[in-house]
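Coordinate analysis (summary)
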Amino acid sequence: TERINRVIMWINNSFNIEYRSVNSETLYVAFISLRTKQPLIIKMTQEAGGQVQMRCDDMEVVGEVVQDLCTYLGVTDVECVAEFPHEMEVLRSLLLKVDEYNALRLRLTADVADTSNTVKTFVIRAEDARMLGDMGLMRKMY
């Protein structure tokens, strides 16, 4: 009960509201983020050992709220489990693009090396033709 009361005090201070819990065993508060227009739900029950659950699709909002709560409660080490499926999908697609770009970069590097070797071969043949006095072959190689 004391943990819930401390979190309620943080909510009242941080969000500038007067929240009163109807049940001293549970805490359930829902907000709408002004920045993202997405819901932020804060839930806490005694059953889970006083764990605080926060639900929001915006990782930045949740991070800021967790950081502020920990600062208020004086917590320096916290164990968190986070699930952001949309963010993970965005990360997955970015990593796929990075893999594609790396494959393209490797292919271009190999092509440049092949072209460089071909140019070297032509220069050597042209110089050989120049030394032999074969101006037609020299021009063709250059």
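For the structure, check the block above.
Residues numbered from 1 in each chain as written. Predicted model: local features only at pLDDT ≥ 70, side-chain atom pairs only at ≥ 80, totals over all residues. Heavy atoms only, no water.

**A word on the packing of aromatic side chains**
- One pass over the structure, following the stated rule, counts two aromatic pairs.
- With a centroid separation of 5.6 Å and an interplanar angle of 80°, the aromatic rings of Trp10 and Phe15 are classed as edge-to-face.
- With relative accessibility at 1%, the residue Trp10 sits in the buried group.
- Residue Phe15 is classed as partly exposed on the basis of its relative accessible area, which comes to 27%.
- Look at Phe15 and Phe31: their rings are 4.2 Å apart centre to centre, the planes differ by 15°, and that puts the pair in the stacked class. With Phe15 in helix α1 (residues 2-15) and Phe31 in strand β1 (residues 26-32), this pair connects stretches of sequence that are 16 residues apart.
- Residue class for Phe31 comes out buried when judged on its relative accessible area of 17%. (Phe/Tyr/Trp six-rings, centres within 6.5 Å; stacked < 30°, edge-to-face > 60°. Buried < 20%, exposed > 50% of the residue type's maximum accessible area, 1.4 Å probe, protein only. Helix = DSSP H or I, 4+ residues; strand = E, 2+ residues; numbered from the N terminus.)

**A few points about the nonpolar core**
- The biggest cluster of nonpolar side chains holds 19 residues, and the ones touching the most others in it are Val7, Trp10, Ile11, Leu27, Leu40, Ile42 and Val65.
- If you list the elements that add at least two residues to this core, you get α1, β1, β2 (39-45) and α2 (59-73).
- Of all the elements, α1 adds the most residues to this core, at five residues. (Core = buried A, V, L, I, M, F, W, Y, C linked by side-chain atoms within 4.5 Å.)

**A word on the sheet that holds β1**
- What the three strands build is an open sheet, ordered β1-β2-β3; its pairing is antiparallel. Both outer strands of the open sheet, β1 and β3 (52-55), are each paired with one neighbouring strand and no more. Between one strand axis and the next, the sheet turns by 10° as a mean value, whatever way the strands run.
- In this structure, β2 lies alongside β3, joined through four bridges in antiparallel fashion. Within β3, the residue paired with Ile41 across the bridge is Arg55.
- Of the strands in this sheet, β2 and β3 touch α2, which is tilted by about 155° from β3. (Pairing = 2+ DSSP bridges. Axes fitted to C-alpha atoms, helices over the stretch in contact; angles between N-to-C directions. Contact = heavy atoms within 4.5 Å.)

**Here we look at a nonpolar patch on the surface**
- Together, Met88, Leu91 and Leu95 line one region of the surface with nonpolar side chains, adding up to about 270 Å² of accessible area.
- Mapped onto the elements, Leu91 comes out in helix α3 (residues 85-132).
- Of the residues examined, Leu91 reaches a relative accessible area of 40% and is grouped as partly exposed. (Patch = residues over 30% accessible without salt bridge, like charges linked within 9 Å, V, L, I, M, F, W, Y side chains within 5 Å. Areas by Shrake-Rupley, 256 points an atom, 1.4 Å probe, with all protein chains shown as cover. Salt bridge = Lys/Arg side-chain N within 4 Å of Asp/Glu carboxyl O.)

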